[in-house]
Amino acid sequence: MKYLGSFLIGGLSSLSLAPNNYYFLIFLLAIPFYNASIQKKLINTITIIGLTSFGWFFTSLYWIGNALTIGPSWQLFLIPLAIIFIPIFMSVYWILASIFSFIFFKKLEARFLGIINFIGIFEICRSKFFTGFPWNAPGQIFVANEMLIQIYSIIGQNGANF
C-alpha cells in the first residue's frame, strides 16, 4: 500500500505545477519522503522515491504522448515510449538523490532533509549537465505566482528547488 500511495501522491502533488497551480499539493511529497527516510533497507527507499518520482513525471509529462497523436501515423508507436520511458528516465535523478541521502545520513531528520536537498542538487545536474530538460522540477511551482516570481528572478529555478 505504501508503494501505490507513493505513486499516487507523486501524481497528485504534480498538480502543483502549471497550469493547475494547486500549490498546497507540493507538501504531499513530505509523506513519501518521510516514508523513505525511515526505511532500514536501501531498496525500500529506492522503491518509494522511484514510484513517487515516476508518479510526478508520469502525471506532469502527459502532454508529450498527447503531442504524438498529431501528425503522421508512424508516430503512434512512440506514445508508449514517451509516456513510460521518459518518466522512468527522469525518475533516475530522484532515485540517485535518495541513494545519496541513504548513504550519507543515518538519522531520520538528516535523511529526510538530505532527500530534499539532494533532489535539488540532482535537478540542477539534470537541467544543466545531463539532459538539458529542466521541465517539471519542483521549483517550477513558483513560476505562475506573481508574488513568488520576484524572488524566482533572482534565485532561478535551480535555487527554488531547494
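Throughout this document, residue positions are counted from 1 along each chain, in the order its sequence is written. The predicted origin of the model limits local features to residues at a pLDDT of at least 70 and limits the giving and counting of side-chain atom pairs to 80 or more, whereas totals for whole chains, interfaces and linings rest on all residues. The basis for the side-chain values is all heavy atoms of the structure; hydrogens and waters are excluded.

### Examining the overall build of the chain
Heads up, the condition is: Note on conventions: DSSP H or I runs of at least 4 residues are helices, E runs of at least 2 residues are strands, and numbering of each starts at the N terminus. Buried means the residue's accessible area, taken with a 1.4 Å probe over protein chains only, is under 20% of the maximum for its type, while exposed means over 50%, and partly exposed covers the values in between.
Broken down by element type, the chain carries 7 helices and 0 strands. Each principal axis of the C-alpha distribution contributes one length, and for the chain these read about 55 × 40 × 30 Å. The burial tally for the chain puts 43% of its 162 residues in the buried class.

### Topic: the packing of aromatic side chains
Geometry of an aromatic ring pair is reported as the spacing of the ring centres plus the angle between the planes. The cut-off we apply is this: Aromatic pairing here means that ring centres of Phe, Tyr or Trp (its six-membered ring) are within 6.5 Å. Orientation follows from the plane angle: under 30 degrees is stacked, over 60 is edge-to-face, and everything else is tilted. Ring-over charges, as used throughout, are those where CZ of Arg or NZ of Lys falls within 6 Å of the ring centre and within 35 degrees of the ring normal.
Evaluation of the coordinates by the stated rule reveals 13 aromatic pairs. Note on Phe33 and Trp94: the rings are 6.4 Å apart at their centroids and 65° apart in plane angle, and the pair reads as edge-to-face. Of this pair, Phe33 sits in helix H2 (residues 30–37) while Trp94 sits in helix H5 (residues 78–104); the two residues are 61 residues apart in sequence, bridging distant segments of the chain. Taken individually, Phe33 and Trp94 each receive the classification buried, so the pair is uniform in this respect. Joined through ring pairs, the aromatic side chains of Phe100, Phe104, Phe105, Phe118 and Phe122 make up one cluster. For the cation-ring pair, Lys106 lies above Phe102, with the distance from its terminal atom to the ring centre recorded as 5.6 Å.

### Topic: the nonpolar core
Here is the rule: What we call a nonpolar core is a set of buried Ala, Val, Leu, Ile, Met, Phe, Trp, Tyr and Cys residues that are connected through their side-chain atoms within 4.5 Å. Two residues form a contact once any of their heavy atoms are found within 4.5 Å.
Phe33, Trp56 and Trp94 are the most contacted members of the largest nonpolar core, which totals 24 residues. Counting only elements with at least two residues in this core, the list comes to H2, helix H3 (42–60), H5 and helix H6 (108–130). Per-element tally for this core: the top contributor is H5, with 6 residues. Among residues more than four places away in sequence, those in contact with Trp56 are Gly10, Gly11, Ser13, Ser14, Ser16, Leu17, Ile26, Leu29, Trp94, Asn136, Ala137 and Pro138.

### Observations regarding the side chain of Asn136
Quick reminder of the rule: Polar contacts here mean pairs of N or O atoms no more than 3.5 Å apart (in protein, one a potential hydrogen donor and the other a potential acceptor; neighbouring residues in sequence count only if both atoms are side-chain atoms).
Relative to the assigned elements, Asn136 resides in the loop between H6 and helix H7 (149–160). For Asn136, the side chain forms a polar contact with the side chain of Ser60, separated by 3.1 Å.

### Quick word on the environment of Phe102
Within the secondary structure layout, Phe102 lies in helix H5. In sequence terms Phe102 and Leu25 are 77 residues apart; their C-alpha atoms lie 25 Å from each other. In this structure Phe102 touches Gln39, Lys40, Lys41, Leu42, Thr45 and Arg111, once residues within four positions along its chain are discounted.

### Side note on the environment of Leu12
Structurally, Leu12 can be placed in helix H1 (residues 2–13). You can call Leu12 partly exposed: its relative accessible area is 39%. Among residues more than four places away in sequence, those in contact with Leu12 are Leu25 and Leu28.

### Some details on the layout of surface pockets
The condition that has to hold: Only protein atoms enter the 1 Å grid used here. Points where a 1.4 Å probe fits but cannot escape make up a cavity, open sets with protein on both sides within 12 Å along at least five of seven lines make up a pocket, and a residue lines them when an atom lies within 4 Å of a point. Grid points are joined across faces, edges and corners, and a volume is the space filled by probe spheres set on the points. Three classes are used, and their members are as follows: Ala, Val, Leu, Ile, Met, Phe, Trp, Tyr, Cys and Pro are nonpolar, Asp, Glu, Lys and Arg are charged, and the others, Gly among them, are polar.
What the second largest pocket holds in volume is close to 200 Å³. In this structure, the second largest pocket is lined by 14 residues; those nearest its centre are Leu17, Ala18, Pro19, Ser60 and Asn136. Here the lining of the second largest pocket is built from residues that sort into 8 nonpolar, 6 polar and no charged.

### Digging into the packing of H1 against H3
Convention followed: Each axis is a line fitted through C-alpha atoms, and for a helix only the stretch in contact is used; angles between axes span 0 to 180 degrees, taken between their N-to-C directions. Crossing chirality is assigned from the near helix's rotation relative to the far helix, an anticlockwise turn below a right angle marking it left-handed and a clockwise turn marking it right-handed.
Closest axis-to-axis distance for the H1/H3 pair is 6 Å, and the angle between their directions is 35°. Where H1 crosses over H3, the handedness of that crossing is right-handed. From H1, Lys2, Tyr3, Ser6, Phe7, Gly10, Gly11 and Ser13 reach across to H3, where they touch Asn44, Thr47, Ile48, Leu51, Thr52, Phe54, Gly55, Trp56, Phe58 and Thr59. For the contact of H1 with H3, the per-class residue count stands at 7 nonpolar, 9 polar and 1 charged.

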